[in-house]
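# Summary of the model geometry
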Amino acid sequence: MSNGEETPGKTQNMPERLHVSTGLGIPRRSWKKWLGRGRSGFLYLDSFAHDPDLYKRWIMDGWMVMALDAWLWVIGLLTGLLFMHSLGLSCTLQSRSISGSLYKEGDVIIGGLFPVHLEVPEPDHTFTQRVQAGSCRGVELRSYRWLQAMIYTVEEINRDHTLLPNLTLGYLASDTCLSEGSTLSAALTLVTGQDETVSGEQCTEAPNVPVIIGDARSSASIVVADTLGVFGIPMISYFASCACLSDHKRYPTFLRTVPSDAFQAKAMARLLLQMEWSWVGVVCGDDVYGKVGLQLLLKELEGSGVCLDYIEIIPKSHALTRISRIVERIQSSKAQVVVTFAISPDMEVLLKEVVRQNLTDRQWIATEAWSTSNHYSGWSGISLSGTIGFALQRVDIQGLESYLTHLSPEVPPKEKIVQNVWEEVFGCTFGQKNQSGPPRPQCTGLEKIEEQGDTYFDVIYNVYKAVYAIAHAIQEMLNCQPGKGPFKNAACPEINPIRPEQLIKYLKAVKFTTPVGELIQFDNNGDPSASYDIINWHIGSEGKMEFVKVGKFDAANEPGQDFQLNLSKVIWGGTWSDKAPVSVCNERCPKGTRKAVQKGKPVCCYDCIPCTTGEISNASDSTECIKCPYHFWPNADRTVCVPMSVEFLSFQDNMGIILSLLSVAGAGLTGTVLVALFHHRDTPLVRANNSELSFLLLLSLKLCFLCALAFIGRPAHWSCMLRHTLFGISFVVCLACVLSKTVVVLAAFRATLPGSNMMRYFGPVQQRTAIFICTLVQVGICVLWLVLAPPLPTEIAGGELGARVVLLCAVGSFIGFSLVLGYIGLLAAVCFLLAFLARKLPDNFNEAKFITFSMLIFCAVWIVFVPAYVSSPGKYTVAVEVFAILASSYGLLLCIFAPKCYIILLRPERNTRKNMIGPKK
C-alpha cells in the first residue's frame, strides 16, 4: 500500500491500478472492495464444505452460481495479472465479442449488449481460442431492431445542436447470444477496449466504454451487474425487469428504463380479479425472470381468492418430452386461463407444441417478454388469437420506423453482424460459403425487412430513453461550474475521459423530457415509473397477428384508476368472441347458498351448501351466510330477509272462529239446561239428583265454556293470568260438584240400610263446605303461581316455525302449571273411581253411571291433551288447550244432563217418584 502499512490478508505494495489479462484498469479502492467480495466468496465455499444443505440452497438459483463462477474467473485473472506485473509483461486481451459487434468512433463510446442471436455455440474453456463472429445461431429480429434503435438514437443526438453540441457520441454494440457466459464476456470486451495487445502506458487508461446499455435478460444482467458494479461501471437495461434488480445495495450502478416485474405482477393480479378468473394455471421459465415473477404473482394473489391449479416450469434444455407433458397438463386442466412468466425463446418452444397439439381453448396471458414478439405471427393461428399481453409503453418516434424498415447490409458496408442477420432472416448468403445443407440463393441486400413482421415500438422506446438518459447525464457533467461540483472539494467531474463512477452519480439524478414529450427520471432504486399497455392479439385481414391496444396500467395513478381495460375491443382466447371465458374450479354458488371448501383442495374448489335455517346469502359465491335480524326470516330462496308474520289464535282465524262458536254454543247450551232444570226444579227427577249441586255444576260448566274465550286473541298480561287461573278454578268447582254428587249417591244407598245414619254427614252444609275446600286449594295454588312466576306474554320466532312470530302466554312456572293440572286430574280420578263403584246401584235413574261416562271422557281428553300440547307448534298449542277445555266441558254437560233433559222435555211421563224409585224395567 502507498503508505507502507501492512495489513494481514491484504496485498502489500499494491499499485495504483491493476491490469488483468483483459486489459481492464481497476482503481485501487475498487480492488479493495472487490477483493473483499472475493474473500467472502471463498468463505462461501468453506461453508459449503461443512454444510451440504447450504450448497443445495445456493444452487437453486442458477444466476447465483453463474455470479460465483464469474468471480472465481476474475480472481484467477487477477492472480495471473500479479504474476505478469512482477515480470514486467504487457497486457493481452483474452476475451472478444462472441458473435460480432458494431462500432462507431466518438468522444464518448456507449456500450450496448443485445441478444441478436438466440443460440450460443459450445463454450470454449481455454483463453486462447476465440469464438468467431457469426458462430451464434437463431436470429431474433426484434433484438436486432433494438440494436439498430440504439444506433439511430446516437445519430439523432449527434445531429442535435442543443444536446452535447461540442461532443460526439459513439457506440460499441455486441451480440450476447442470449447466454450469461457470452454476455459477461461481451461486457468485459466492451470495457477493456478492442486492441489485442496493450502496452504498459495504455494499461493505465480508463475503460474505453464508461457506460453499458443492456442486457435484455434479467439473469444475464445480474451476472454483469455483479461483476462490473464493483468497478463503478453503470448499466442501463432496457428489458431486464426482474424485481430483484431493484436492490440498490447489491446493484448500486444498475439502472433501467423498464419497470420492475413487481408492477407487472400487480397488473396481472388486477386483470384476474376484474375478470373473476379464480382458477388459473401458471407457466414460467427456469430462470430468474420466471422464478421471481412467479413469486411476485403469488404474493399479489395471496388472499385474493385466485388459486393456481398448476405451476409448470419450461426447462432450458427444451426437451420435447417435457414440453409435451406441460401442454398435456394445460389441456387436462379445468383452468381456461394460462398466465406466463417466461422469455420469448422459451415460450416459442412451448407454444409451437401447443399449436401442434391443436390446443385452442385457452386464454393466454403474456408478459412484456413476449407479448409483442412477431415470432408467432406466421404459425400461431387461432391457438394464440385473443392473447392478452402486457407491453411496455409504446411511443411512435418520428423517423425511427422508416429507419428500421429500410435497413440494409450495404449501409454502412462491412458490418459482419448485419450480414449474418441478413443471411439468417432471408435464408440467403453473401459471397461463396461452404454450406453443409442445401445451397442458398445469393443475398442482394434489397430484401424487404419490413415483410418479416410489424414492429411494436415498446422495448425500442426503452432503448431510445436509455441513450437519451446517458446523453443528458453527460450534458449535466459538461454544465458543471468549477468549484460547484458534487465531488470532493466541490470538484467537477472529469470529461476526457469520463469516469464511470462519476457518470453514475449524474445518471441517478438525471431528469429530462424526451423528444416525444415524456418526463424521464429514476427513483432511488434506479427504476422508472411503471406503465404498461394492455394489448390483445387479433388476426388481421392478411392472416398476420396484430397487436391491438385495449387498455393501460399506470402505477402512478391512484388505486382504482390505475387499471383500465376496454372490454368492447377484446377478442378472447378460446372463444374468439366478445364473451370472456370462465375459468373457475367450480361453477359459482348461486344466491341462497354458501361456499364450503372441499377437503384437501384449494379454497377455489368448493361445494355449494344451502344456507341454514334463518340465514341468507344475497350474493353469488358467498363464503358465509348472514343471519336475519330479529323478526325477519329468509324467503323461500334464502336470498333476502322478509318480515315475519305475527301469529296467534285470533278471533279472525278460521280456527279461532270455530272454537269461539263452540265456546259460546256450549255456554248457551249450559244456560238452556240450567233454565230447563230450574223450571222443573220441583219434579222428582230434578229433586232426586240434588238440584242444588246440579245448578252449581251447570254454573261452573258455563264458566268453563266461557273461559275458553280468554285463550283466544292477542296475549296480554291480564289475559295470560286470567285464562289459566279461570280455567283451573272453574274446572275444580265443576269436578268438586261432580264429586259431591257421587259421594251423595253412595251415601244415600248406604243410608237405606237398617241402623245406618250416614246422611247426617252429607247434608247440604257439608256438601258446600267440601266444594269450598276443594276450590280453596286450587285458589291457593293459583295465587302462589301468580305471585311467584305468573304467566306472561311471550313470542316464539324462527326454527320450525319458519317465517312466523307466534305470540303465546308462557306458563311462567312449569311447577305451578303442573300443580293446577295435577290437582284437576286428581279430582277427576277420584270422581271416576267413586262413580265407577256406584254405577250398578239399584235405581231406575242412577246418576252415578252417567258421571262414570263423563269422567271417562274427561280423563281421556286430558290424557290425550298432554302429548298433543307438547308437540303442537305455534298457535296450535293454544288451540289444543282450548279444544281440551271444550271437549271435557261438553263431555260433562252431555253425559250428565242430556239424559235428564231427555226425560224432562221428551218423556215427562217418566218424571215421577214411582218411576225414580221403582224397580228397573
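Residues numbered from 1 in each chain as written. Predicted model: local features only at pLDDT ≥ 70, side-chain atom pairs only at ≥ 80, totals over all residues. Heavy atoms only, no water.

### So, the overall build of the protein
- In terms of helices and strands, the protein carries 23 helices and 31 strands.
- Counting all 921 residues of the protein, 52% fall into the buried class.
- A separation threshold of at least 6 residues defines the contact pool for the protein, and within that pool the share at least 24 residues apart is 70%.
- Taken as a whole, the protein presents about 42,100 Å² of accessible surface, with 58% of it coming from carbon and sulfur. (Helix = DSSP H or I, 4+ residues; strand = E, 2+ residues; numbered from the N terminus. Buried < 20%, exposed > 50% of the residue type's maximum accessible area, 1.4 Å probe, protein only. Contact = heavy atoms within 4.5 Å. Areas by Shrake-Rupley, 256 points an atom, 1.4 Å probe, with all protein chains shown as cover.)

### A word on the sheet that holds strand S17 (residues 388–392)
- As summarised here, the arrangement of the eight strands in space is S14-S13-S15-S16-S17-S20-S21-S22, forming an open sheet in which the pairing is mixed. Looking at strand neighbours, the two that pair on one side only are strand S14 (307–314) and strand S22 (563–565), the edges of this open sheet. Each strand axis lies, on average, 25° off the axis of its neighbour in the sheet, ignoring direction. (Pairing = 2+ DSSP bridges. Axes fitted to C-alpha atoms, helices over the stretch in contact; angles between N-to-C directions.)

### Details of the pattern of salt bridges
- If you walk through the whole model with that rule in mind, you get 21 salt bridges.
- With a shortest N-O distance of 2.7 Å, Arg256 and Asp527 are connected by a salt bridge. In this pair, Arg256 is assigned in strand S12 (residues 254–256) and Asp527 in the loop between strand S19 (519–521) and strand S20 (531–539), connecting sequence segments 271 residues apart.
- With relative accessibility at 0%, the residue Arg256 sits in the buried group.
- For the salt bridge of Arg768 with Glu692, the shortest nitrogen-to-oxygen distance reads 2.6 Å. Taken as a pair, Arg768 in helix H19 (residues 764–788) and Glu692 in helix H17 (residues 691–707) lie far apart in primary sequence, 76 residues in all.
- When its relative accessible area of 44% is taken as the criterion, Arg768 is described as partly exposed.
- A single network of salt bridges, built from pairs that share partners, joins Glu180, Arg217, Asp287, Lys316 and Asp346. (Salt bridge = Lys/Arg side-chain N within 4 Å of Asp/Glu carboxyl O.)

### A few points about the packing of aromatic side chains
- Counted under the stated rule, the structure contains 23 aromatic pairs.
- Here Trp146 and Phe239 contribute two aromatic rings whose centre-to-centre distance is 5.0 Å and whose plane-to-plane angle is 65°, an arrangement assigned as edge-to-face. Linking Trp146 in helix H4 (residues 141–159) with Phe239 in the loop between strand S11 (235–237) and S12, this pair joins segments that are 93 residues apart in sequence. Across this residue pair, the class does not change: Trp146 and Phe239 are buried.
- Ring centres 5.6 Å apart and planes at 80° place the aromatic pair Trp370 and Trp537 in the edge-to-face group. Note that Trp370 is positioned in the loop between strand S16 (363–366) and S17 and Trp537 in strand S20, a separation of 167 residues in sequence. Of the two residues, Trp370 and Trp537, neither departs from the other in class, the shared state being buried.
- Aromatic rings pair up to connect Phe711, Phe727, Phe731, Phe858, Trp862 and Phe865 into one cluster.
- Note that Lys595 overlies the ring of Tyr606, its terminal NZ or CZ placed 4.8 Å from the centroid.
- The aromatic ring of Phe897 is capped on one face by Lys900, whose charged end is 5.4 Å from the ring centroid. (Phe/Tyr/Trp six-rings, centres within 6.5 Å; stacked < 30°, edge-to-face > 60°. Lys NZ or Arg CZ within 6 Å of the ring centre and 35° of its normal.)

### Describing unusual backbone geometry
- Cis peptide bonds are those with omega within 30 degrees of zero, and the linkage from Gly214 to Asp215 qualifies with -5°.
- The residue after Asn496, namely Pro497, is reached through a cis peptide bond having omega 0°.
- If you trace the backbone, Pro497 turns up in the loop between helix H13 (459–478) and helix H14 (500–509).
- In this model, Cys177 sits at a positive phi of 60°, which is unusual for a non-glycine residue.
- Structurally, the position occupied by Cys177 is in the loop between strand S8 (169–175) and helix H5 (180–192).
- Phi angles above zero are rare outside glycine, and Ala490 is one such case at about 60°.

### Side note on the packing of H17 against H19
- Running from N to C, H17 and H19 cross one another at 25°; their axes reach a closest spacing of 11 Å. One element, H17, and the other, H19, form an angle in the roughly parallel class. Where H17 crosses over H19, the handedness of that crossing is right-handed. Contacts from Glu692, Leu693 and Leu696 of H17 reach H19 at Pro764, Gln767, Arg768 and Ile771. (Parallel < 35°, antiparallel > 145°, perpendicular 65-115°, else oblique. Left-handed = near helix turned anticlockwise from the far one by under 90°.)

### Examining a nonpolar patch on the surface
- The grouping of Phe772, Ile773, Leu776 and Val777 at the surface amounts to a nonpolar patch, some 380 Å² of accessible area in total.
- If you trace the backbone, Val777 turns up in helix H19.
- What makes Val777 partly exposed here is its relative accessible area of 37%. (Patch = residues over 30% accessible without salt bridge, like charges linked within 9 Å, V, L, I, M, F, W, Y side chains within 5 Å.)

### Regarding the side chain of Ser324
- Structurally, Ser324 is set in helix H9 (residues 320–332).
- Polar side-chain contacts of Ser324 include one of 3.4 Å to the side chain of Gln357.
- The residues touching Ser324, leaving out its near neighbours within four places in the chain, are Glu353 and Gln357. (Polar contact = N/O pair within 3.5 Å; in protein donor to acceptor, adjacent residues only side chain to side chain.)

### Some remarks on the state of the cysteines
- What the rule picks out here adds up to nine disulfides.
- Covalently, Cys428 is tied to Cys443 through a disulfide, its sulfur atoms 1.7 Å apart. Judged by the sign of its S-S torsion, about 100°, the cystine formed by Cys428 and Cys443 is right-handed. In this pair, Cys428 sits in the loop between helix H12 (416–426) and H13 while Cys443 sits in the loop between H12 and H13, placing the two residues 15 residues apart along the sequence.
- Exposure remark for Cys428: the relative accessible area of 2% places this residue in the buried category.
- Bridging Cys720 to Cys809, the disulfide has an S-S length of 1.8 Å. What sets the handedness of the Cys720 and Cys809 disulfide is the S-S torsion sign, and at about -75° it is left-handed. Of this pair, Cys720 sits in helix H18 (residues 717–751) while Cys809 sits in strand S31 (residues 804–810), and the two are 89 residues apart along the sequence.
- Cysteine Cys707 remains unbridged, with the sulfur of Cys704 as its closest cysteine sulfur at 5.6 Å.
- Take Cys707: its relative accessible area is 0%, and that puts it in the buried class. (Disulfide = S-S within 2.5 Å.)

None of this, on its own, says anything about what the molecule does.
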